[in-house]
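A structural walkthrough
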Amino acid sequence: MSSLKVPRLTFWRAVYVVILALFALVFIRRFTGGLGAVSNLKDLMPWGLWIGFDVMSGVALAAGGFTITAIVYIFHLEKFRPIVRSTVLTAFLGYLMVVMALLVDLGRPWNVWHPLIMWNDHSAMFELAWCVMLYTTVLFLEFLPLVLERLGKKHTVHWWHRYLTPVLCILGVLLSTMHQSSLGTLYVIVPEKLHPLWYSPILPYLFFISAIALGLAMVNVESFLSFRAFGKRLEPEILVDLGKATAFVLLFYLVIRFEDLVVRHSLKYAFRFDLGALFFWVEVGLLMIVPMIILMSERLRHKPLVLAGAQFMVVLGMVFDRMNVSTTAFQLGTGVSYHPLWSEFVISIGVIAIGMGLFGLAVRYLPVFPEGPIEHPKPADPYVELLK
Amino acid sequence: MSVFAVLYDQSKCIGCGACEQACQAEHGQRPHKPTRLDANSFNWVQDLGKGTYMRHFCMNCEDPTCASVCPVGALQKHALGPVTWDHTRCIGCRYCMMACPFEIPKYEWHSVNPRIRKCDMCIHRVSKGLPTACASVCPTGATTFGRREDMLAEAHRRLKEHPHRYYPEVFGEKEVGGTSVLMLLTRTPIQDHLPANLPKHDMPMLTWNVLGKLPEIIVPWATFLGGMMWLTARKNKVAEVEHHTTEDHTTEHHTTEDDHE
Ligand code: SF4
Ligand code: SF4
Ligand code: SF4
């Protein structure tokens, strides 16, 4: 992001250009040689890195968007307002990244609009397709006032915020509810193909509850990043409260998750010496229980860096969870081996790079951060260290 | 229940591969000996050793998982029995491949206009009243074709007559809610490389258990959100009024794009 603002960081600019060039090459190869030419996907492993990482983490980024709009516009907790715009922007870009990844991944992307007129409401993918389309539109509309404001259309903006924004927010939260959970619904139909530590008939509920924890954590991470790049952030006390909330949602999630494992007699798989158990404990133990304990601790929560770190771990944990469901558990359940090809990584990284580039442009040309005095960090503030 | 079904009797199969050739000819594919199912092999006779063979092809389920998961309804179950794919609808998401409990749908990985490929139960023949290509050429009667209830009755007759020859169930009678392909096995499904422990209920219901509840969840949820929005806005307004009346407030800076005064 800062690479776009500060010309002297030419090394990163070069890296950026190289990534984009590689992305373009692979992209062209994808549409001249088919998916087989650029990926290790195969009949027994029809979904890989792009679905497991790009789609799932794009949606993870977006979880911050619905959480913050719910907090600010539905629960009217005004203190969170300073980062509404940047969080909504990130969510919008997260969705654009999902759409980009899908356009590469879909075998017949020119038919991507088909779910509009060809309906199958028994398909989780149908629900997902509609959610992506509608929520991307909603996020675009939530983002549009920034452009209007930039163009000086004060009156329209005022009207927009008064009448449209509330409706958009409720729609956005509803669609997110459906979308986050429908990612789980996708896997409900393959009980015999997922490792029992991850398969559950209540996956959609688990995905939704964890999306709330993820969204709360994401808000903190975004505040941290926006402070680093632009000197704008939430007040420390809010972040502390946010950490507490994350911890409680996580606790709730973990209780349900373990209850579900016990009910399905699957907990025993967690105590074996194999890959499944290892991935499970990295995900649940290291990236969920550890940050939860940190966030529960009154003392640790008040250290801004520890707090941000723990929240970042939660975000990682949730992305890891989604990836585990979509790839690890599937591979362990079916015994298929799959290692992404280099070109799959190029697409994944390229999509993220494009997203970041767009964010940089938006921040530069649009009023993403509301005007007003930029907080001058006090010297005792540990974040200050990071600005240097 | 579909009208027709294919009955495959493993005990009668001699692995001659006539059905493979007939299937390839019927679908205009280059003649070859398949070594697995793929985009050009809808039918594969697997050599299990010791003179045992096993045919693999789409089960043409009664309530097909593939059709239920397809977002655009590209896969369809026909009343006659076949489950077919429609190139004018498919978006290439490959969810059908993920979801099919028999791992049947295959994809053209090196095509720029890829198709989902699988046995279509010879719909072009079946709809003309002909048996499937594989059934019509089988020299031993291992693969036969007919009305589903007749095929099922025949299968049970053989099971009763030679209880020691077969695995004691007609594979496909109840698996995933029943299929239009019925199999008499001489070994267990696992030994025959068929998926084991398949539920006896149809799979689409698993998803419907969730999706069907959506309206019940969404409506109260929307109401709750709307209610909260109104309530908290009101609360803030009340607080603000009180704030103003208590004079000695420090001027709090409100950010610009507030949607309320
Ligand atoms: S076996 Fe698989 S591909 Fe064939 S009809 Fe059943 S679900 Fe569909
Ligand atoms: S790949 Fe095509 S046929 Fe299969 S589920 Fe997706 S849209 Fe349907
Ligand atoms: S029914 Fe037709 S398509 Fe299916 S295996 Fe037999 S010949 Fe091939």
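Conventions we followed
Residues numbered from 1 in each chain as written. Chains lettered and ligands numbered in written order. Predicted model: local features only at pLDDT ≥ 70, side-chain atom pairs only at ≥ 80, totals over all residues. Heavy atoms only, no water. Axes fitted to C-alpha atoms, helices over the stretch in contact; angles between N-to-C directions. Helix = DSSP H or I, 4+ residues; strand = E, 2+ residues; numbered from the N terminus. Parallel < 35°, antiparallel > 145°, perpendicular 65-115°, else oblique. Left-handed = near helix turned anticlockwise from the far one by under 90°. Nonpolar A, V, L, I, M, F, W, Y, C, P; charged D, E, K, R; others polar. Domains from an automatic or database assignment. Buried area = accessible area lost by both parts, 1.4 Å probe. Salt bridge = Lys/Arg side-chain N within 4 Å of Asp/Glu carboxyl O. Polar contact = N/O pair within 3.5 Å; in protein donor to acceptor, adjacent residues only side chain to side chain. 1 Å grid on protein atoms, 1.4 Å probe; cavity = no way out; pocket = protein on both sides within 12 Å on 5 of 7 lines; lining within 4 Å. Points joined across faces, edges and corners; volume = space filled by probe spheres on them.

**Observations regarding the packing of helix H6 (residues 124–150) of chain A against helix H7 (residues 154–185) of chain A**
Between two packed helices, both the angle of their axes relative to each other and the distance between the axes serve to describe the pair. Residues and elements named next belong to chain A. Look at H6 against H7: their axes get within 8 Å of each other, and the N-to-C directions meet at 155°. In terms of their interaxial angle, H6 and H7 are classed as roughly antiparallel. Crossing of H6 against H7: the hand is left-handed. For the contact of H6 with H7, a count of residues per class yields 19 nonpolar, seven polar and three charged.

**Observations regarding the domain arrangement of chain A**
All names here are of chain A. Under the domain assignment, chain A is made up of domain 1 (18–31 + 47–186 + 341–372) and domain 2 (192–339). Taking the mean C-alpha position of each, domain 1 and domain 2 sit 22 Å from one another. Surface buried jointly by domain 1 and domain 2 totals about 2600 Å² across both partners, of which 77% is contributed by carbon and sulfur atoms. The interface formed by domain 1 and domain 2 holds zero salt bridges in total. Summed over the shared surface of domain 1 and domain 2, the result is four residue pairs in polar contact (both at pLDDT 80 or more). Every element with two or more residues in the side of domain 1 that touches domain 2 is listed here: helix H4 (49–74), helix H5 (84–105), H7 and helix H13 (342–365). Among the elements that take part in the side of domain 1 that touches domain 2, H4 stands out by supplying 13 residues, more than any other. Looking at the side of domain 1 that touches domain 2 residue by residue, the class counts come to 18 nonpolar, 14 polar and two charged.

**Side note on the domain arrangement of chain B**
Interface size is commonly expressed as the accessible area that is lost once the parts come together. Taken as a whole, chain B is organised into domain 1 (4–202) and domain 2 (214–246). When each unit is reduced to the centre of its C-alpha atoms, the spacing between domain 1 of chain B and domain 2 of chain B is 57 Å.

**Some words on empty space enclosed by the protein**
Rolling a probe over the atoms, with the probe sized like a water molecule, indicates the empty space that remains. The full count for this structure, using the stated rule, is nine cavities of 30 Å³ or more. Put simply, the largest cavity is a space of about 150 Å³. If you list the elements that add at least two residues to the lining of the largest cavity, you get H4, H5, H6 and H7 of chain A. For the lining of the largest cavity, the class distribution of residues is 11 nonpolar, three polar and three charged. Counted as a void, the second largest cavity has a volume near 110 Å³. Lining the second largest cavity are 13 residues; nearest its centre among them are B:Cys23, B:Cys119, B:Met121, B:Cys122 and B:Cys134.

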